[in-house]
Amino acid sequence: NAGVTQTPKFRILKIGQSMTLQCAQDMNHNYMYWYRQDPGMGLKLIYYSVGAGITDKGEVPNGYNVSRSTTEDFPLRLELAAPSQTSVYFCASSYASSEYNEQFFGPGTRLTVL
Amino acid sequence: DAKTTQPTSMDCAEGRAANLPCNHSTISGNEYVYWYRQIHSQGPQYIIHGLKNNETNEMASLIITEDRKSSTLILPHATLRDTAVYYCIVSGVEIIFGKGTRLHILP
């Protein structure tokens with residue numbers, strides 16, 4: 001099992017550019033999440049999905065879009081990148097039930113917007 | 001906002017037990033307490049979780065008070081590799097991370 005994989009590892013964008021951060025998991029998890037982490041801060045939830053075709057906003061969704069067309073993949077789209085989106089982005093997945101929700105995290109994507 | 005409060009930082013001598021406190025006074029009856037840690041800039045790693053009973057696994061022990069308003073994560077014999085930020089989280093579909101406790105293990 002590769003677990004949760006994220007690509008790219010690093011990216012520099014210019015203001016106004018767009019990009020898609022890729023996330024994939026091979027554990028057949030139903031839930032998937034996107035977080036961002038600014039320097040010295042905790043993780044902020046951007047979007048999450050409880051299954052294919054279902055997505056919901058988290059704490060900080062503005063400036064981002066997601067889709068979940070398959071169980072395995074949960075890409076995060078940045079439209080019109082801004083310097084405030086400079087951050088480390090973590091994707092996570094879990095096989096959640098009403099009693100259990102252990103999340104497995106990917107290695108992160110370090111994004112700089114100049 | 002996070003449903004938990006934790007000290008910003010703590011020190012612990014190597015080989016001693018590290019006791020990390022967490023307050024979650026607004027926890028609901030069916031919500032679990034989870035602990036994760038983040039070493040340097042890696043993705044967070046699951047440690048342990050519990051509902052109301054004390055729990056132990058190969059990494060740590062979790063002590064939850066009877067009223068469930070607070071808990072303590074115990075690393076029984078801290079090593080330098082346990083230096084990390086530790087997050088206490090009250091579960092739901094959305095998992096909200098606070099700022100966590102930065103644990104320094106002193107040689």
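Residues numbered from 1 in each chain as written. Chains lettered and ligands numbered in written order. Predicted model: local features only at pLDDT ≥ 70, side-chain atom pairs only at ≥ 80, totals over all residues. Heavy atoms only, no water.

For the structure shown, the criterion picks out two disulfides over all chains. One disulfide bridge connects Cys23 of chain A with Cys91 of chain A, the sulfur atoms lying 1.8 Å from each other. Around the S-S axis, the bridge from Cys23 of chain A to Cys91 of chain A shows a dihedral of about -70° and counts as left-handed. With Cys23 of chain A in strand S3 (residues 19-25) and Cys91 of chain A in strand S9 (residues 87-94), this pair connects stretches of sequence that are 68 residues apart. The same class applies to Cys23 of chain A as to Cys91 of chain A, namely buried. The residue that forms a disulfide with Cys22 of chain B is Cys88 of chain B, at a sulfur-sulfur distance of 2.1 Å. Judged by the sign of its S-S torsion, about -80°, the cystine formed by Cys22 of chain B and Cys88 of chain B is left-handed. Pair noted here: Cys22 of chain B is in strand S2 (residues 18-23) and Cys88 of chain B is in strand S8 (residues 84-90), with a separation of 66 residues, a long-range link. By relative accessible area, which is 2% here, Cys22 of chain B ends up buried. Residue class for Cys88 of chain B comes out buried when judged on its relative accessible area of 0%. Cys22 of chain B provides the cysteine sulfur closest to Cys12 of chain B, a residue in no disulfide bond, and the two sulfurs are 18 Å apart. (Disulfide = S-S within 2.5 Å. Helix = DSSP H or I, 4+ residues; strand = E, 2+ residues; numbered from the N terminus. Buried < 20%, exposed > 50% of the residue type's maximum accessible area, 1.4 Å probe, protein only.)

A few words now on the sheet that holds S3 of chain A. Residue and element names in this part refer to chain A. One open sheet holds the four strands; their spatial order is S1-S3-S8-S7, and the pairing between them is antiparallel. On the outer flanks of this sheet lie strand S1 (4-7) and strand S7 (64-66), each paired with one strand and no other. Each strand of the sheet is rotated relative to its neighbour by a mean of 20°, with strand direction disregarded. (Pairing = 2+ DSSP bridges. Axes fitted to C-alpha atoms, helices over the stretch in contact; angles between N-to-C directions.)

This is a description of form; function is not addressed.
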